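# Descriptive structure summary
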Amino acid sequence: MTSQIKGPAIFLAQFAGDAAPFNSLKDIAGWAAGLGYKGVQIPTFDGRLFDLDRAAESQDYCDELKGICAEAGVEITELSTHLQGQLVAVNPAYDLAFDAFAPARLHKNPKARQEWAVDQVKKGAIASRRMGLDRHVGFSGSLAFPFLYPWPQRPEGLIEEAFAELGRRWRPILDVYAENGVSYGYEIHPGEDIFDGATFEMFLDAVGGHVAATINYDPSHFLLQQLDYLAFIDIYQERISSFHVKDAEFNPDGRQGVYSGYQSWINRAGRFRSLGDGQVDFGGIFSKLTQYGYDGWAVLEWECAIKSPEQGAAEGAPFIASHLIDRAEKAFDDFAGGERDEAAIKAMLGL
């Protein structure tokens, strides 16, 4: 019997680098397999590992990448356009910071940067189909997030117009995903306009409940907001298409709380941790996802201000494997059996 949830897998974005084995897909896939991972989630924005333009045009290239991973002993779980998705919608307050996500030729040119980002994310749908994948992950971008806290008081209609515009930008992209049989799992994340359940519902309304608009579930971002991440699964389980297994902790004190006082990551009340070092109830999460029939991958996304990435990756595979559940065929006390016996039923009820 095997788990309904597939794994363990690892998101390669935080590990890619200029030194071997992290500077090529072949070597990093072999490294991941050697740690016990069965799948890899590939960042399409890292040219050392993946050429998105080429993947959108060439089936041979996609087959080659699949072969490289298969030979290493891992599957490709999803492609990621997190950074490109971020650039689909950028409030001017973030222009300088987010220019770094785009090629240098597009810096200080928000219009050209957005056009490039939209094209990239659409190519993500085509590349996913060529890779034989039906799920994709990324960010939504943000127009309203600088106005998160309602002071100074927001002009009436500002948030509504921000989400209407977000919907106008994303709906044509989501159409391309639907045409290619791929869902787009938005990572619900502070800094994005979609950062909790309420904002996901607002976005879903803005895109007309689009079938391709789904959720990349990451409990770490919910714990840092003090949102009930288990109840979130109950509410949105039908839209959860992918799962980042990432830990976090929240330790408020007399000096800082959820906003963490502009402190560095290591000094924040809320911070990301390696798996098992934080406060996330992964037993509850895997149980609920199994209960609701989630059959996608459990993908480690590693971020920690204390532990090294090498140690975090090495500990992540066995941690995820230990939480996978072989689902029971029936409850242990389900003794009902045989054909329906109307006479016996009536006799038991005294009828």
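The coordinates are above.
Structure report, in brief. Worth saying up front: this structure is predicted, and the values here are computed from it rather than measured.

### Focus on the overall build of the protein
Looking only at helices and strands, the protein has 13 helices and ten strands in total. The C-alpha radius of gyration of the protein comes to 22 Å, within 12% of the 20 Å expected for a compact globule of 351 residues. A principal-axis box enclosing the C-alpha atoms of the protein has dimensions of 80 × 55 × 45 Å. Counting the 351 residues in the protein, one finds 50% classified as buried. Looking at the protein alone, contacts between residues at least 24 apart form 79% of all its contacts between residues at least 6 apart. Put simply, the protein shows about 16500 Å² of open surface, and 52% of that area lies on carbon and sulfur atoms. A gap of 3 Å separates the mean positions of the 31 positive and 50 negative side-chain charges of the protein.

### Points about the environment of Ser128
Turning to its location among the elements, Ser128 is positioned in helix α6 (residues 110-130). Ser128 has contacts with Leu79, Leu133, His136 and Val182, leaving out every residue within four places of it along the chain. Only 3.0 Å separates the side chain of Ser128 from the side chain of His136, close enough to count as a polar contact.

### Examining the pairing of strand β7 (residues 240-245)
Across the six residues that make up β7, a large majority, six, are buried. The pairing of strand β6 (residues 213-217) with β7 spans three bridges and is parallel. When the sheet's bridge partners are listed, Tyr217 is paired in β7 with Phe243. The pairing of β7 with strand β10 (residues 297-300) spans three bridges and is parallel. Paired with His244 across the two strands is Val299, which belongs to β10.

### Some remarks on the nonpolar core
Among the nonpolar cores identified, the biggest contains 94 residues, and Ile10, Trp170, Phe203, Tyr217, Phe243 and Ile285 are the most heavily contacted of them. A total of nine residues in this core trace back to one element, the largest contributor, which is helix α7 (residues 158-179). With near-sequence residues (within four places) excluded, Phe243 lies in contact with Asn216, Tyr217, Pro219, Ile285, Phe286, Leu289, Tyr294, Trp297, Ala298 and Val299.

### Some remarks on the packing of aromatic side chains
Scanning the model with the defined rule gives 23 aromatic pairs in all. Between the aromatic rings of Phe243 and Tyr294, the centroid separation amounts to 6.4 Å while the plane-to-plane angle is 80°, which identifies the pairing as edge-to-face. Pair noted here: Phe243 is in strand β7 and Tyr294 is in the loop between α11 (282-291) and β10, with a separation of 51 residues, a long-range link. Tyr294 shares its class with Phe243; the two are buried. Three or more aromatic residues joined by ring pairs make a cluster, and in this case those are Phe200, Tyr217, Phe222, Phe232, Tyr236, Phe243, Phe286 and Tyr294. A cation over an aromatic ring shows up here: Lys246 above the ring of Phe272, its NZ or CZ 3.7 Å from the ring centre. When the ring centre of Trp265 is taken as reference, the NZ or CZ atom of Arg268 above it lies at 4.8 Å.

### Some thoughts on the layout of surface pockets
Of the volumes computed, that of the largest pocket is approximately 1200 Å³. Taken together, 41 residues line the largest pocket, and the ones lying closest to its centre are Phe145, His189, Pro190, Gly191 and Trp265. With three residues, the single largest contributor to the lining of the largest pocket is helix α4 (residues 82-86). Considered class by class, the residues forming the lining of the largest pocket number 22 nonpolar, 13 polar and six charged.

### A word on unusual backbone geometry
The peptide bond linking Gly7 to Pro8 adopts the cis configuration, its omega dihedral lying at 0°. Relative to the helices and strands, Pro8 is located in strand β1 (residues 6-11). With an omega of 5°, the peptide bond between Ala20 and Pro21 qualifies as cis. Secondary-structure assignment places Pro21 in the loop between β1 and α1 (25-34). The backbone of Gln226 shows a phi angle near 65°, a positive value even though the residue is not glycine. Inspection of the secondary structure assignment puts Gln226 in the loop between α9 (219-223) and α10 (229-236). Of note in this structure, Ser260 is not a glycine but carries a positive phi near 60°. For Ser260, the location among the structural elements is in the loop between β8 (247-250) and β9 (270-273).

### Section: the packing of α1 against helix α3 (residues 59-72)
At a minimum axis separation of 8 Å, α1 and α3 run at an interaxial angle of 30°. In terms of crossing hand, the pair formed by α1 and α3 is right-handed. The residues of α3 that touch α1, namely those facing Leu25, Lys26, Ala29, Gly30 and Ala33, are Leu65, Ile68, Cys69 and Ala72.

### Some remarks on the pattern of salt bridges
Should the charged atoms of two oppositely charged side chains come close, the side chains can pair. Taken as a whole, this structure holds 21 salt bridges when the rule is applied. When the shortest N-O distance is used, the salt bridge between Lys111 and Glu115 registers 2.6 Å. Within this pair, Lys111 and its partner Glu115 are both found in helix α6, separated by four residues, close to a single helical turn. Salt bridges here are not isolated pairs; linked through shared partners, they connect Glu249, Arg271, Arg273, Asp277, Lys307 and Glu315.

Conventions adopted
- Residues numbered from 1 in each chain as written.
- Predicted model: local features only at pLDDT ≥ 70, side-chain atom pairs only at ≥ 80, totals over all residues.
- Heavy atoms only, no water.
- Helix = DSSP H or I, 4+ residues; strand = E, 2+ residues; numbered from the N terminus.
- Rg over C-alpha atoms; globule rule 2.2 N^0.38 Å.
- Buried < 20%, exposed > 50% of the residue type's maximum accessible area, 1.4 Å probe, protein only.
- Contact = heavy atoms within 4.5 Å.
- Areas by Shrake-Rupley, 256 points an atom, 1.4 Å probe, with all protein chains shown as cover.
- Lys, Arg positive; Asp, Glu negative; His and termini not counted.
- Charge placed at Lys NZ, Arg CZ, Asp CG, Glu CD.
- Polar contact = N/O pair within 3.5 Å; in protein donor to acceptor, adjacent residues only side chain to side chain.
- Pairing = 2+ DSSP bridges.
- Core = buried A, V, L, I, M, F, W, Y, C linked by side-chain atoms within 4.5 Å.
- Phe/Tyr/Trp six-rings, centres within 6.5 Å; stacked < 30°, edge-to-face > 60°.
- Lys NZ or Arg CZ within 6 Å of the ring centre and 35° of its normal.
- 1 Å grid on protein atoms, 1.4 Å probe; cavity = no way out; pocket = protein on both sides within 12 Å on 5 of 7 lines; lining within 4 Å.
- Points joined across faces, edges and corners; volume = space filled by probe spheres on them.
- Nonpolar A, V, L, I, M, F, W, Y, C, P; charged D, E, K, R; others polar.
- Axes fitted to C-alpha atoms, helices over the stretch in contact; angles between N-to-C directions.
- Left-handed = near helix turned anticlockwise from the far one by under 90°.
- Salt bridge = Lys/Arg side-chain N within 4 Å of Asp/Glu carboxyl O.

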